[in-house]
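# Coordinates in review
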Amino acid sequence: MEIVESDERRKILQEYNHRLNNDLQAVMAFIKLQKRFGIDSEEIINFSYVSIASISTIQNQIYNSEDEESKIGVCEFFKEFIKTLEDYYAKSNAIFSYEIENDFDMGPKKMFHLMLLLNEMVNLSLDGAKDDSDNKISFNLEKVGEECILNYSDNSLKIKDRISQSDINKMLFDQLIKQMDGSLESTSEDSFSIKFSYE
């Protein structure tokens, strides 16, 4: 009995280590891309901090998950993700809000790539934002069949300007969407709508 429990514990630890290592390697690869293309060092630091804090949230929720596939509740993740953003971007006078249409579970890999995309979008929105003005950023996520739709908006128009005026930012932004098997569905003056596969 003890041998069986020991083997099971070892398998769990191996899977945990594998997922954590993959997540960290992905963040490191993206940071290398940012450095290669001359992204501002402060922007890289912002991205790194939020990513690492979010990986910790994902791993904790996997550990506490009762789902056999270790899927994570989207509302639960976003609640912690917003706390991380509010804590780190407190000096930016940023106001974050989110809405989940009918809470659902998502696999940790997809959740991780969604976090990277949102992290980069927030970074772009707040880069160079004025500290004395309210910077409002909102996320809306819903699941329709086997697809999810993410609506992202800011009130400063900063993200749209940053992406449209820089080939490098557009390339990195498109790469993060591609990693999610997603596509840019529509844009308006201050928002983006991104569709991606649920699995």
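Remember, it's a predicted structure, so these values are computed and weren't measured experimentally.

Attention shifts here to the environment of Tyr 88. The topology assignment puts Tyr 88 in helix 3 (residues 74-88). Overall, the relative accessible area of 26% leaves Tyr 88 in the partly exposed class. Linking Tyr 88 and Tyr 49, residues 39 residues apart in sequence, is a C-alpha distance of 8.1 Å. Those residues in contact with Tyr 88 that sit more than four places away from it in its chain are Ile 45, Asn 46, Tyr 49 and Val 50. Polar contacts involving the side chain of Tyr 88 include one to the side chain of Asn 46, which spans 3.0 Å.

This brings us to unusual backbone geometry. With glycine set apart, most residues show a phi of negative sign, and most peptide bonds adopt trans. In this model, Asn 102 sits at a positive phi of 60 degrees, which is unusual for a non-glycine residue. For Asp 181, which is not a glycine, the phi torsion comes out positive at approximately 55 degrees. Along the chain, the position of Asp 181 falls in the loop between helix 6 (167-179) and strand 6 (182-187). The exposure class of Asp 181 is exposed, given its relative accessible area of 55%.

Turning next to the sheet that holds strand 7 (residues 191-197). Taken together, five strands build an open sheet; the order of strands is 2-4-5-7-6 and the sheet is mixed. In the strand order of this sheet, the two ends are held by strand 2 (94-101) and strand 6, each with one partner. In this sheet, neighbouring strand axes are inclined to one another by 15 degrees on average, regardless of whether the strands run parallel or antiparallel. Across seven bridges, the pairing between strand 5 (residues 147-154) and strand 7 is antiparallel. If you follow Ser 153 over to strand 7, its bridge partner there is Ser 191. Each of strand 6 and strand 7 is contacted by helix 6, which is oriented at about 125 degrees to strand 6, the strand it contacts most.

Now for the pairing of strand 7. A regular strand carries its side chains on alternate faces of the sheet. Bridge count for strand 6 against strand 7 is five bridges, and the pairing is antiparallel. Its bridge partner being in strand 7, Ser 186 is matched across the sheet by Ser 193. Counting the residues between successive antiparallel strands, the hairpin from strand 6 to strand 7 contains three residues.

Looking at where Leu 150 falls in the secondary structure, it is placed in strand 5. Residue Leu 150 is classed as buried on the basis of its relative accessible area, which comes to 1%. Along the backbone, Leu 150 and Glu 185 are 35 residues apart, and their C-alpha atoms lie at a distance of 9.7 Å. Ignoring sequence-local partners within four residues, the contact set of Leu 150 consists of Leu 114, Leu 117, Leu 118, Phe 139, Asn 140, Leu 141, Phe 192, Ser 193, Ile 194 and Phe 196.

Attention now moves to the packing of aromatic side chains. Evaluation of the coordinates by the stated rule reveals twelve aromatic pairs. Ring geometry for Tyr 49 and Tyr 88: centres 4.2 Å apart, planes at 20 degrees, overall stacked. Taken as a pair, Tyr 49 in helix 2 (residues 41-64) and Tyr 88 in helix 3 lie far apart in primary sequence, 39 residues in all. Between Phe 81 and Phe 139, the aromatic rings sit 6.3 Å apart at their centres with planes inclined by 40 degrees, giving tilted as the arrangement.

What counts and how
Residues numbered from 1 in each chain as written. Predicted model: local features only at pLDDT ≥ 70, side-chain atom pairs only at ≥ 80, totals over all residues. Heavy atoms only, no water. Helix = DSSP H or I, 4+ residues; strand = E, 2+ residues; numbered from the N terminus. Buried < 20%, exposed > 50% of the residue type's maximum accessible area, 1.4 Å probe, protein only. Contact = heavy atoms within 4.5 Å. Polar contact = N/O pair within 3.5 Å; in protein donor to acceptor, adjacent residues only side chain to side chain. Pairing = 2+ DSSP bridges. Axes fitted to C-alpha atoms, helices over the stretch in contact; angles between N-to-C directions. Phe/Tyr/Trp six-rings, centres within 6.5 Å; stacked < 30°, edge-to-face > 60°.

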